[in-house]
Amino acid sequence: MVTLDVVISACWMILDPMSSTKDVLQTVELTDENGHDFRYIYVIDSCTSEYFLVWMMILYVYKASLLLFGVFLAYEIRSVTIESLNESKQISLSIYVVVLTSFISTPVQYFMSDDVTFVFGFTCVSIFGASTVVLGLSFVPKMIALRKGEDHIKISTMKTPSSTMDKDREVRILTEKLHEKAAGLASLEDIHGRITSLLIDSYNF
C-alpha cells in the first residue's frame, strides 16, 4: 500500500507538478493620526496543480477501495471460532471511525479553506484522533488479555471436508464390524439350538 501511495504521488509530481499560488482574502486600508495611509493585504499561499481535483479523486477512490476490502474481511471472518483471530468487530468499528472522520474533515478542508489556522488544527486533531481510536481498538483488548493472563485462543472443533470423510469412513468400518458380530451371534444361536436339540433327543432316548 505504501508503494502504491509513492507511485501515485510520484506520477502526480512528474506529470502535474505542484505550483505555489497566492489568493488575496481581503484588503484593508487605514489612515493613522498623521495622515499616513496604510494598506493591509491578507494573502494565502497554497500549493496546487492544474488537475489537483483529478489526482485527489484517484487517491479517494484508492483509499475507499481499501476500506471496502476491510469491510469484506470483517464479513468473511465473522464466523471464525478462534477468538484471537476473530476481529470482525474491531475492524468494523475502525472502518466506521475512519469513514466518519473523513466525512467530517473533508468538507471542512474545502469549504473553510480561508481560515488556514482552523483547518490545519482541525485536520491534525482529526487524523490524530482517528489513528488513536483505531490503534486502541486493535491493541487495547490484547493488552488487557495479557495483563489478566487470559488465554483467548479457544480452538474448537471445526468441521472440514477431510474430517467429515474420516468420520464417514469410521462409521462405515464400525457398521461392518457390527454386521460381522451380528452374523457371529446368529451362528452361535444356531449352534446352541442344535446342541439343545441333541441333548433333548439323547435324554428321550
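How each quantity is defined
Residues numbered from 1 in each chain as written. Predicted model: local features only at pLDDT ≥ 70, side-chain atom pairs only at ≥ 80, totals over all residues. Heavy atoms only, no water. Helix = DSSP H or I, 4+ residues; strand = E, 2+ residues; numbered from the N terminus. Contact = heavy atoms within 4.5 Å. Patch = residues over 30% accessible without salt bridge, like charges linked within 9 Å, V, L, I, M, F, W, Y side chains within 5 Å. Areas by Shrake-Rupley, 256 points an atom, 1.4 Å probe, with all protein chains shown as cover. Salt bridge = Lys/Arg side-chain N within 4 Å of Asp/Glu carboxyl O. Buried < 20%, exposed > 50% of the residue type's maximum accessible area, 1.4 Å probe, protein only. pLDDT = per-residue confidence, 0-100. Axes fitted to C-alpha atoms, helices over the stretch in contact; angles between N-to-C directions. Parallel < 35°, antiparallel > 145°, perpendicular 65-115°, else oblique. Left-handed = near helix turned anticlockwise from the far one by under 90°. Nonpolar A, V, L, I, M, F, W, Y, C, P; charged D, E, K, R; others polar.

A. Representation of the environment of Ile44 in the model. Locating Ile44 in the fold gives a position in strand β2 (residues 37-48). Linking Ile44 and Asp23, residues 21 residues apart in sequence, is a C-alpha distance of 5.1 Å. What Ile44 contacts, discounting residues up to four positions off in sequence, is Thr21, Lys22, Asp23, Leu25, Ser113, Asp114 and Val116.

B. Representation of a nonpolar patch on the surface in the model. A cluster of nonpolar residues, Leu53, Met57, Tyr60, Val61, Tyr110, Phe111, Met112 and Phe118, forms a patch on the protein surface that exposes about 830 Å² of accessible area. Those elements that provide at least two residues to the nonpolar patch are α2 (52-76) and α3 (88-111). If you trace the backbone, Val61 turns up in helix α2.

C. Expanded view of the pattern of salt bridges. Taken as a whole and judged by the stated rule, the model has two salt bridges. Note that Asp5 is salt-bridged to Lys63, the shortest N-O span being 3.1 Å. Residue Asp5 is located in helix α1 (residues 2-15), and its partner Lys63 is located in helix α2; the two are separated by 58 residues in the primary sequence. Here Lys63 falls in the partly exposed class, since its relative accessible area comes to 38%. Notably, a salt bridge pairs Glu29 with Arg39, separated by 2.9 Å at the nearest N-O pair. With Glu29 in strand β1 (residues 19-31) and Arg39 in strand β2, this pair connects stretches of sequence that are 10 residues apart.

D. Molecular detail of the confidence of the model for the protein. Considering every residue of the protein, the mean pLDDT works out to 77; 77% of them sit at 70 or more. At the low end of the mean pLDDT range in the protein sits helix α5 (residues 161-204), at 64; at the high end sits α1, at 88. Contacts of residues 152-163 to residues separated by more than four positions or lying in other chains number 11 contacts, the stretch itself having pLDDT below 50.

E. Inspection of the packing of α2 against α3 at higher detail. Where α2 contacts α3, the axes come no closer than 9 Å and their chain directions differ by 160°. Relative to α3, the element α2 is oriented roughly antiparallel. α2 and α3 meet at a crossing whose hand is left-handed. In this structure, α2 contributes Phe52, Leu53, Met56, Tyr60, Leu67, Gly70, Val71 and Ala74 to the contact, and α3 contributes Ser88, Ile91, Ser92, Ile95, Val98, Val99, Thr106 and Tyr110. Within the contact of α2 with α3, the residues separate by chemical class into 12 nonpolar, four polar and no charged.

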